[in-house]
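Working through the structure, step by step
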Amino acid sequence: MSRSIVRQSKFRHVFGQAVKADQGYDDIRVSKVTWDSSFCAVNPKFLAVIVESSGGGAFLVLPLSKMGRVDKNYPLVVGHSGPVLDIDWCPHNDNILASCSEDTTAMVWQIPDHTPSRPISEPIVVLEGHSKRVGIIKWHPTARNILLTAGSDNLIIIWNVGTGEPLITMDDHPDLIYNVSWNYNGSLFCTTCKDRRLRVCDPRKSEVVAERLAPHEGIRPMRAIFTKEGNIFTTGFTRMSQRELGLWDPTNFEEPIALLELDTSNGVLLPFYDPDTNIVYLSGKGDSSIRYFEITEEPPYVHYISTFSSKEPQRGMGFMPKRGMDVSKCEIARLYKLHERKCEPIMMTVPRKSDLFQDDLYPDTAGPDPALEPEEWMDGRDADPILVSMRDGYVPPKSRELKVAKKNVLDTRPATRRSMSAVDGSSLPPQLLEKLVEEIQNLKATVLSQEKRICDLENKLSKYTNGTV
């Protein structure tokens with residue numbers, strides 16, 4: 001008598017559950033820009049959402065604890081003169097956020113721990129190097145201060161945010177870049193492009209090391225992400241406009257490891273990948289469901305687990321890093337689903353009876369410390385992320401407690417520095433130049449002392465409002 005053999009996996013019964021209504025974030029006017037980014041970024045401290053705003057681009061940053069209805073006058077982060085297209089939290093500092101916009105710039109922001117009393121309009125640094133809108137922004141996973149931007153000018157620029165300077169510029173793409181994904185240690189990144197090619201790039205050599213024409217035969221946009229093992233997971237469309245996913249070995253692009261047709265729908269599938277569990281969550285804009293798959297080393301390599309369905313279509317999605325999980329509830333992922341006027345957290349949980357820490361669900365995960373300095377990475381060194389244990393949960397450090405060996409622009413709040421100089425000092429008389437420099441130094445000293453005073457007062461105010469004093 002034949003018996004069906006069920007695949008053994010601790011993630012077979014993972015289920016999704018939306019939080020209660022009072023634990024969501026309501027009255028958020030999510031951006032209506034027609035751009036296929038996730039519109040949402042989240043870390044263990046904050047939730048950031050790109051919102052509708054008149055007269056330029058803006059996004060909302062809320063402490064995770066500030067659930068419920070959001071005041072319509074809540075201070076936004078404003079500074080871009082065009083709509084914001086993408087945002088990304090720094091993996092090495094929970095108070096640093098990068099944004100990019102239709103105004104051709106990228107900006108890096110310091111977000112205070114307390115609720116600001118006025119809109120945040122002064123970025124730490126403005127990155128100017130693209131000639132058209134900048135639609136993609138991605139922090140390097142292991143090196144401090146390394147940030148990648150990709151624009152509609154078909155350029156990819158890698159910046160050192162600590163100095164505001166471009167380190168690498170790549171012009172290998174002949175058409176619009178759809179997405180960029182770093183590999184686990186940040187030595188390579190993969191891209192998808194409107195010319196229907198999937199490319200693997202080595203940024204420090206400024207060259208494309210592998211490419212594949214049409215991993216999905218349809219002409220609709222594709223997405224690609226690196227897995228922890230170094231394979232590439234892709235989503236796209238067949239020639240008949242069916243949605244499709246694939247798994248590829250970049251050292252041998254001839255045949256896919258796996259290719260799987262899903263359904264017929266227009267929305268581009270955005271993949272969110274967890275390297276600790278090897279589970280990928282697929283969320284399509286306009287869909288009302290999240291599918292999730294486990295990637296393994298045995299056939300068929302990409303295993304369908306389940307689907308979380310709800311009534312409302314999603315406008316975007318945020319994905320919490322593993323550091324932000326609630327280990328006491330066996331939570332292995334949390335997605336933040338954007339509706340038209342609200343954001344709803346969805347918890348992915350493995351059902352377990354025990355209240356003890358589950359070692360098999362929580363291997364050591366990427367922590368907040370960078371493994372490399374920018375100079376080391378540029379010199380050709382690679383390093384995996386520095387791992388931390390989840391046994392006692394993760395407590396985010398206070399914004400000003402981060403210790404850095406070298407002077408780092410992200411740990412102070414200097415006046416905005418632009419990455420391209422707009423002043424030509426050679427045309428000024430020496431006496432006037434000295435006077436200007438002296439006046440600038442005096443003003444800087446005054447501003448820094450006032451900043452410190454404001455921070456002290458705001459911290460004191462937040463202590464009183466939180467009831468800790």
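Nothing here was measured: the structure is a model prediction, and the numbers come from that model.

Taken together, the side chains of Leu432, Leu436 and Ile440 present a nonpolar region at the surface, about 250 Å² in accessible area. Inspection of the secondary structure puts leucine 432 in helix α2 (residues 430–466).

As annotated in UniProt, the feature "repeat: WD" (unreviewed entry) corresponds to residues 77–111 and 127–169 in the numbering used here. The straight-line gap between the two end C-alpha atoms of residues 77–111 is 9 Å; of that span, 0% is helix and 63% is strand.

A separate point is the pattern of salt bridges. The tally for this structure, following the rule as stated, stands at 22 salt bridges. With a shortest N-O distance of 2.9 Å, aspartate 27 and arginine 69 are connected by a salt bridge. With aspartate 27 in the loop between β2 (25–26) and β3 (40–42) and arginine 69 in strand β6 (residues 68–69), the pair connects residues that are 42 residues apart, well separated along the chain. For arginine 69, a relative accessible area of 64% translates into the label exposed. One salt bridge connects aspartate 195 with arginine 199, and the closest N-O pair in it is separated by 2.6 Å. Three or more residues joined by partner-sharing salt bridges are found here, namely Asp195, Arg197, Arg199 and Glu211.

Glycine aside, a negative phi is what most residues show, and trans is what most peptide bonds show. In this structure, the amide linkage connecting proline 299 to the following residue, proline 300, adopts the cis form with an omega of 0 degrees. Considering the arrangement of structural elements, one finds proline 300 in the loop between β26 (289–295) and β27 (302–309). Of note, asparagine 145 is a non-glycine position whose phi angle comes to about 65 degrees, a positive value. Locating asparagine 145 in the fold gives a position in the loop between β12 (134–139) and β13 (146–151). In this structure, asparagine 154 is a non-glycine residue whose phi angle is positive, near 65 degrees. Within the secondary structure, asparagine 154 sits in the loop between β13 and β14 (156–160). Residue classification places asparagine 154 among the buried residues on the basis of a relative accessible area of 17%.

Bringing the sheet that holds strand β7 (residues 77–80) into the picture now. Here we have 4 strands laid out as an open sheet, ordered β3-β4-β5-β7, and antiparallel in their pairing. Single-partner strands in this sheet number two, and they are β3 and β7. Averaged over neighbouring strand pairs, the angle between their axes works out to 20 degrees when direction is ignored. Where strand β5 (residues 57–63) lies against β7, 3 bridges are found, and the strand directions are antiparallel. Within β7, the residue paired with glycine 57 across the bridge is histidine 80.

The next thing to look at is the environment of glycine 367. Within the secondary structure layout, glycine 367 lies in the loop between β31 (365–366) and α1 (374–378). Sequence spacing of glycine 367 and proline 385 is 18 residues, and the spatial spacing of their C-alpha atoms is 7.2 Å. Apart from the residues within four sequence positions on either side, glycine 367 is in contact with Pro91, Arg323, Ile386, Leu387 and Val388.

How each quantity is defined
- Residues numbered from 1 in each chain as written.
- Predicted model: local features only at pLDDT ≥ 70, side-chain atom pairs only at ≥ 80, totals over all residues.
- Heavy atoms only, no water.
- Patch = residues over 30% accessible without salt bridge, like charges linked within 9 Å, V, L, I, M, F, W, Y side chains within 5 Å.
- Areas by Shrake-Rupley, 256 points an atom, 1.4 Å probe, with all protein chains shown as cover.
- Salt bridge = Lys/Arg side-chain N within 4 Å of Asp/Glu carboxyl O.
- Helix = DSSP H or I, 4+ residues; strand = E, 2+ residues; numbered from the N terminus.
- UniProt positions renumbered as here; feature names shortened; annotations may be inferred.
- Buried < 20%, exposed > 50% of the residue type's maximum accessible area, 1.4 Å probe, protein only.
- Pairing = 2+ DSSP bridges.
- Axes fitted to C-alpha atoms, helices over the stretch in contact; angles between N-to-C directions.
- Contact = heavy atoms within 4.5 Å.

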